[in-house]
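Geometric and topological summary
Each chain, letter by letter, is given below.
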Amino acid sequence: MDLSSKYMGLNLKNPIVVSSCPLSESLDGIKTLEDSGASAVVMYSLFEEQIRRENEAFDSLMESASGHFSESSDFFPQMDELEDKGPEQYLNLLQKAVAATDIPIIGSLNGVTNEGWIDYAKQIQQAGASALELNIYYIPTDINKTGIEVEQRYFDILQAVKSSVSIPVAIKLSPFFSATANFAKRLDDAGADGLVLFNRFFQPDFNLDTLQIDPRAHTGSAEEIRVPLLWIAVLHDQIKASLAASRGVQTSTEVIKYLLAGANVVMVASALMKHGPQYIQVLLDELEQWLEARDYASVSEIRGKMSHKNVVNPDEFERVNYIKALGRAGRGKRN
Ligand SMILES: Cc1cc2nc3c(=O)[nH]c(=O)nc-3n(C[C@H](O)[C@H](O)[C@H](O)COP(=O)(O)O)c2cc1C
């Protein structure tokens, strides 16, 4: 069975990529991911906060943006934890991982200032990363900030990074843009080599006993694939940038659905943290069995088979299905 897949020009042995998460925090961890069958590993994110606390520009930005950035989510490291894992440690680990494995290692960067994005993007490239993922984790809670300004921030970061490195650059997006397809197209036009759809967003809950905000991250469920599935299906074959599906993979069913929608690769984090890296092989075996049972010889044969362009009735992705989902289809007809 030919599972080979292409992501941002990288030739991968299969479509399962380990998403940015703590499983890549050690060399042994990364080697285990490779041994378990991962075709590439996106390293945990290097946060600009790890380096720049003393920098004035950074401090003032953080002050004005307090609450908007990723440290508010508990699946991102806390400040004191970040200080233990400085950029040198990150870059050293990246360098060692590149030397010790045969799969592409993708760096992940979460910057705040433009300067930060550029400096660390360059250093990640120098350390040998095959590509770079920009984890632009930004919650626009500022009531005066317009959608156009929010989108512009993404373009500014992309342009700054693209003009300073030559490795492929992916952007990990939030699902909350008013015109997701158009925004993706404009990022593609601006040179994004890949789009990761989507990051899991910080969605706080309230604790009714303590009346405090409960910042725990979602544990994840297969239902979460629905939003990325829709947008991957819509974007497949419409933009040059590669598409990485991220969110909600619990079993091979979600992997297969994402491939049918048109994902170049499928990223997995929570399920591997829950079941261990060896679970990658289970996902791959089940994918292979599913393909074999239907006489497919390669994963490319199913990629995009159920994309917006390829389904018999693309309207099914849109309003018609909404009406059906509400159980209204057929109702109201008079005999
Ligand atoms: C414990 C944990 C840590 C994570 N750390 C990062 C990170 O450093 N950078 C990043 O871009 N995403 C991070 N993520 C998000 C994952 O890469 C992924 O996009 C998200 O968990 C959805 O995929 P999943 O449903 O397979 O978990 C983290 C997720 C988890 C569960």
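Since the model is a prediction, treat every value here as computed from it, not as a measurement. (Residues numbered from 1 in each chain as written. Predicted model: local features only at pLDDT ≥ 70, side-chain atom pairs only at ≥ 80, totals over all residues.)

Regarding the overall build of the protein chain
Assigned secondary structure in the protein chain consists of 13 helices and 12 strands. Within the protein chain, the fraction of its 335 residues that count as buried is 41%. Sequence-distant contacts, at least 24 apart, represent 73% of the contacts inside the protein chain between residues at least 6 apart. (Helix = DSSP H or I, 4+ residues; strand = E, 2+ residues; numbered from the N terminus. Buried ≥ 20, exposed ≤ 12 C-beta atoms within 10 Å, placed from the backbone. Contact = placed C-beta atoms within 7 Å.)

Examining the site of the ligand
Taken together, 23 residues lie around the ligand, and S19, S45, N135, A269 and S270 are the ones closest in. Taken together, the elements giving at least two residues each to the shell around the ligand come down to β4 (40-47) and α11 (270-275). Of the residues in the shell around the ligand, the class split is 9 nonpolar, 10 polar and 4 charged. (Near = placed C-beta within 6 Å. Nonpolar A, V, L, I, M, F, W, Y, C, P; charged D, E, K, R; others polar.)

With respect to the environment of S221
Within the secondary structure, S221 sits in the loop between β10 (212-214) and α9 (226-235). Each C-alpha atom of the pair S221 and G248 lies 5.2 Å from the other, and the pair is 27 residues apart in sequence. Setting aside chain neighbours within four positions, we find S221 in contact with G248 and Q250.

Some words on the confidence of the model for the protein chain
Averaged over the protein chain, the pLDDT score is 86; the fraction of residues at 70 or greater is 83%. The model gives residues 53-62 a pLDDT under 50, and that stretch makes 9 contacts with residues more than four places away or in other chains. A low-confidence stretch, residues 64-79 (pLDDT under 50), is modelled with 28 contacts involving residues beyond four sequence positions or located in other chains. (pLDDT = per-residue confidence, 0-100.)

Topic: the sheet that holds strand β11 (residues 242-246)
In spatial order, the strands read β3-β4-β5-β6-β7-β8-β11-β12; together these 8 strands close into a barrel with parallel pairing. Across the sheet, the mean angle from the axis of one strand to that of its neighbour is 25°, orientation sign disregarded. Taken strand by strand, helix α7 (residues 147-162) contacts β6 (131-135) and β7 (169-173), and its axis lies near 160° from that of β7. (Pairing = 2+ DSSP bridges. Axes fitted to C-alpha atoms, helices over the stretch in contact; angles between N-to-C directions.)

Remarks on the nonpolar core
Nonpolar side chains tend to gather and get buried jointly when the protein is soluble and globular. Among the nonpolar cores identified, the biggest contains 82 residues, and V41, L195, I232 and V266 are the most heavily contacted of them. The biggest single contributor to this core is β4, with 7 residues. Leave out the neighbours within four places in its chain, and V266 touches P15, I16, A245, V249, V255, Y258 and L259. (Core = buried A, V, L, I, M, F, W, Y, C linked by C-beta atoms within 7 Å.)

Here we look at α9
Residues of α9 that are buried include every one of P228, L229, W231, I232, A233 and L235, and no others. For α9, the secondary structure elements touched by its buried residues are α8 (180-189), β8 (194-197), β11 and α10 (252-261). In the segment just after α9, D237 is the residue with positive phi, at about 70°.

Here's the deal with the pairing of β7
Judged by how many residues are buried, β7 sits mostly within the fold: 5 of 5 residues are covered. Along β7, one buried face is formed by V169, I171 and L173 and the opposite face, lined by A170 and K172, is buried too. Where β6 and β7 come together, 4 bridges link them in parallel fashion. Following the sheet pairing, L134 is matched in β7 by I171. For the crossover from β6 across α7 to β7, the handedness is right-handed. (Right-handed = clockwise from strand over helix to strand, strands pointing away.)

Things to note about helix α1 (residues 27-35)
Two residues of an α-helix separated by three or four positions point the same way, owing to the 3.6 residues in each turn. Taken residue by residue, α1 has I30, L33 and E34 as its buried positions. The buried residues of α1 occupy an angular sector of 100° when the element is viewed end-on, so they sit on one face. Each element contacted by the buried residues of α1 is listed here: β3 (16-18), β4 and α5 (87-100). (Arc of directions from axis to C-beta.)

Some points on the environment of D193
The topology assignment puts D193 in the loop between α8 and β8. Each C-alpha atom, one on D193 and one on V169, is 5.3 Å from the other, the two residues being 24 residues apart in sequence. Aside from chain neighbours lying at most four places away, what touches D193 is M8, P168, V169, A170, A241 and S242.

Regarding the environment of F47
When you line up the elements, F47 lands in strand β4. In this structure, the C-alpha to C-alpha distance between F47 and V112, residues 65 residues apart in sequence, is 8.5 Å.

Some thoughts on unusual backbone geometry
Along the chain, L197 connects to F198 via a cis peptide bond; the corresponding omega equals 0°. Mapped onto the elements, F198 comes out in the loop between β8 and β9 (205-207). A positive phi angle, near 50°, is found at M8, a position not held by glycine. Among the structural elements, M8 can be located in the loop between β1 (5-7) and β2 (10-12). Even without being glycine, D295 reaches a positive phi, approximately 60°. Within the element layout of this structure, D295 appears in the loop between α12 (279-293) and α13 (319-325).

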